[in-house]
Amino acid sequence: MINRFYMSNSYRLSFNWISGLFIALFCAGQLGGQSYKIKVNIRNYKNDTLLLGYYFGDKQYIKDTAYKSKSGTFTFEGDTILEHGMYIVVTQPDHNFFQILLDDHQKFSIETSLDSLNEHLKFQGSKLNTDFNDYIDFLSSRRVEADSISKQLRTTEDKETQARLKKRLEIIDEEVRHRQESTIRQQPTSLLSLIIKWSRDVQIPDFTGLTDQERNQKAFDYYKEHYFDYVDFKDARNVRIPLFFQKVDRYIQKLTLQHPDSINYSLDIVLQQMAPGSENLKFWLSNALNTYANSKYVGMDGVYVHLVENYYAKGKAPWIDEENLAKMVRDAKALKPLLIDKIAPDIQLFKMDSSTIRLHEVTSPYTVLIFWTPDCPHCKKSMPHVKEFYNKFKSKGVEVMAVCSQIGTEAKKACSEGIEQLHMQELLNAYDPGHGSRFKLIYDLKTTPQIYILDQNKKILTKKIGAEQLEDIMDKILNMKE
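Residues numbered from 1 in each chain as written. Predicted model: local features only at pLDDT ≥ 70, side-chain atom pairs only at ≥ 80, totals over all residues. Heavy atoms only, no water.

## Comments concerning the overall build of the chain
Thinking step 1. The secondary structure content of the chain amounts to 14 helices and 15 strands.
Thinking step 2. For the chain, the C-alpha radius of gyration of 30 Å lies well beyond 23 Å, the compact-globule estimate for 482 residues.
Thinking step 3. Oriented by its inertia axes, the alpha-carbon framework of the chain measures out at about 85 × 60 × 40 Å.
Thinking step 4. Across the 482 residues in the chain, those meeting the buried criterion constitute 48%.
Thinking step 5. Considering only intrachain contacts with a sequence separation of at least 6, the fraction spanning at least 24 residues in the chain is 67%. (Helix = DSSP H or I, 4+ residues; strand = E, 2+ residues; numbered from the N terminus. Rg over C-alpha atoms; globule rule 2.2 N^0.38 Å. Buried < 20%, exposed > 50% of the residue type's maximum accessible area, 1.4 Å probe, protein only. Contact = heavy atoms within 4.5 Å.)

## Here's the deal with the pairing of strand S2 (residues 49-56)
Successive side chains on a regular strand alternate, one facing one side of the sheet and the next facing the other.
Thinking step 1. Within S2, 8 of the 8 residues are buried, which leaves it mostly tucked inside the rest of the structure.
Thinking step 2. Pairing between S2 and strand S3 (residues 59-67): 8 bridges, direction antiparallel. Along S3, the bridge assignment pairs Tyr54 with Tyr61.
Thinking step 3. Counting the residues that bridge the hairpin from S2 to S3 gives 2 residues, and of these Gly57 lies at a positive phi of roughly 65°. (Pairing = 2+ DSSP bridges.)

## Description of the pattern of salt bridges
Thinking step 1. Taken as a whole, this structure holds 20 salt bridges when the rule is applied.
Thinking step 2. For Asp58, the salt bridge is made with Lys59, and the minimal N-O distance between the two is 3.2 Å.
Thinking step 3. When its relative accessible area of 28% is taken as the criterion, Asp58 is described as partly exposed.
Thinking step 4. Across the salt bridge formed by Lys327 and Asp331, the nearest N and O atoms sit 3.0 Å from each other. (Salt bridge = Lys/Arg side-chain N within 4 Å of Asp/Glu carboxyl O.)

## Describing the state of the cysteines
Thinking step 1. Summed over all chains, the structure comprises 1 disulfide.
Thinking step 2. The side chain of Cys404 participates in a disulfide bridge whose partner is Cys415; the two sulfur atoms lie 2.1 Å from each other. Across the disulfide from Cys404 to Cys415, rotation about the S-S bond amounts to roughly -80°, and the bridge is consequently left-handed. Here Cys404, found in strand S12 (residues 398-404), pairs with Cys415, found in helix H12 (residues 411-421); they are 11 residues apart in sequence, far enough to count as distant. Comparing Cys404 with Cys415, the two get one shared label, buried. (Disulfide = S-S within 2.5 Å.)

## Examining the packing of helix H3 (residues 159-186) against helix H4 (residues 191-199)
Thinking step 1. One way to put it is that H3 packs onto H4 with a least axis distance of 9 Å and a crossing angle of 140°. One element, H3, and the other, H4, form an angle in the oblique class. The way H3 lies across H4 gives a crossing that is left-handed. Each of Gln180, Thr183 and Ile184 in H3 lies in contact with H4, whose residues at this interface are Leu192, Ser193, Ile196, Lys197 and Ser199.
Thinking step 2. Of the residues belonging to the contact of H3 with H4, the class tally is 3 nonpolar, 4 polar and 1 charged. (Axes fitted to C-alpha atoms, helices over the stretch in contact; angles between N-to-C directions. Parallel < 35°, antiparallel > 145°, perpendicular 65-115°, else oblique. Left-handed = near helix turned anticlockwise from the far one by under 90°. Nonpolar A, V, L, I, M, F, W, Y, C, P; charged D, E, K, R; others polar.)

## Considering H12
Side chains three or four residues apart in an α-helix point the same way, a direct result of the helix having 3.6 residues per turn.
Thinking step 1. By the burial criterion, the buried members of H12 are Ala411, Ala414, Cys415, Gly418 and Ile419. Relative to the axis of H12, the buried residues are bounded by an arc of 130° and lie together on one face. H12 presents Lys413, Glu420 and Gln421 as exposed residues on the side facing more than 90 degrees away from its buried surface.
Thinking step 2. Where H12 is buried, its residues contact strand S11 (366-372), S12 and strand S13 (428-431).
Thinking step 3. Two residues or fewer after H12 comes His423, characterised by a positive phi angle close to 55°. (Arc of directions from axis to C-beta.)

## Topic: the environment of Ala326
Thinking step 1. Mapped onto the fold, Ala326 is located in helix H10 (residues 322-335).
Thinking step 2. Distance in space between the C-alpha atoms of Ala326 and Gly436 is 26 Å, their sequence separation being 110 residues.

## Some words on the sheet that holds strand S1 (residues 36-43)
Thinking step 1. Across the sheet, 4 strands lie side by side as S4-S1-S7-S8; this open sheet has mixed pairing. The open sheet has two edge strands, strand S4 (74-78) and strand S8 (122-124), and neither has a second partner. Sheet twist, expressed as the average angle between the axes of neighbouring strands with direction ignored, equals 15°.
Thinking step 2. When strand S7 (residues 107-113) meets S8, the two strands line up antiparallel, connected through 3 bridges. Counterpart to Glu111 in the pairing with S8 is Lys122.

## Notes on the environment of Ile88
Thinking step 1. Considering the arrangement of structural elements, one finds Ile88 in strand S5 (residues 85-91).
Thinking step 2. Residue classification places Ile88 among the buried residues on the basis of a relative accessible area of 0%.
Thinking step 3. Taking the C-alpha atoms as reference, Ile88 lies 32 Å from Lys224; in sequence the two are 136 residues apart.

In structure tokens, the structure reads:
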């Protein structure tokens, strides 16, 4: 199907100004010995400022600013050639824009009109941008026709008309494929060909003789397996075209089961195809690490641990300084024993009568392990939910082990008073005033309350959930078992 990858000039940009890190990376990678000079004339544009931005992954950054000359034109120029990639010329103050491509030939002129930036684009001295603009016009015309035919298909029930319309859609798709393949064949290394390769979709064969369910599964498996057939992850220009991020992100977020093991597998497929130390790898490895380190979804710390262990700790991210690397490795080491599906670390604690109890000695089919602190406001709000949950689920094989995290000489008094004030006497209460079990370190206890749900073997089923979620989550766990 037709892939419309460019954004219209009515799209409003919210710019992220370049950080010191990006300035360093950008300047270090620039090509020397050449210069750029891009003249722009926008009819009816009254503002005296025009911006030149560039793409980096999923963001846009400002590279240059031009001011109106006496003749009404703007000129972006510099004594060092710009990185190859897709750039944007941005008007002020509304941030409307049009896109241009930059390769080695960076001296050319542009004309357009403010009322319709993309539709009136004309280039002089840049075959690349003329070809790019012609290709966009071609896609736009086919998209308009395809949308019209699709609308007719939805409103007609006549079989002959439907067949005729579907045939025309097939012809349009074939025209687009032919145009794409012709461009790639004629200019295989051009930036336009690179963009087309990232925009191309998988052609799924007809799987006949199967049930609908089997055919759908076959089609999905084929689509995912061949999703990256046309692209080269080692091309250094990838990170500076938006389709690179969009396609890879779709593979991770939409075509991959959102489970840590599946995400890790898909990330490895992508990252291992990128050149070591390349900007492509820098961007995607950093992006993935930040995404899953800050994920609000339970269990995604498993992705963070995987990335740290298999990439950062193995020297595949040399741009990270030693101090931050050491912290990341420590964090991953602390998180690893607490990942979903791991056996929860056993700890020996004390009951309030001073007798000992080990977590793994609790024999109930399910154990809810909750760490709390007597003076913690969130704990006080959470405990009524925990008690309500326990009263409803204790007959279904659920035990709640509430570990008071207070330590020191006043721990027993503080924990006992907290248990009484919060009416927690029915729960299996425990504490460790001398911190001999090192439970705070073992369970990476930085805040309270922290809640884990464990099965009979003390495997972690879920963790770090809100007390108000307990009932709903336990219902789902019991239903899945049934």
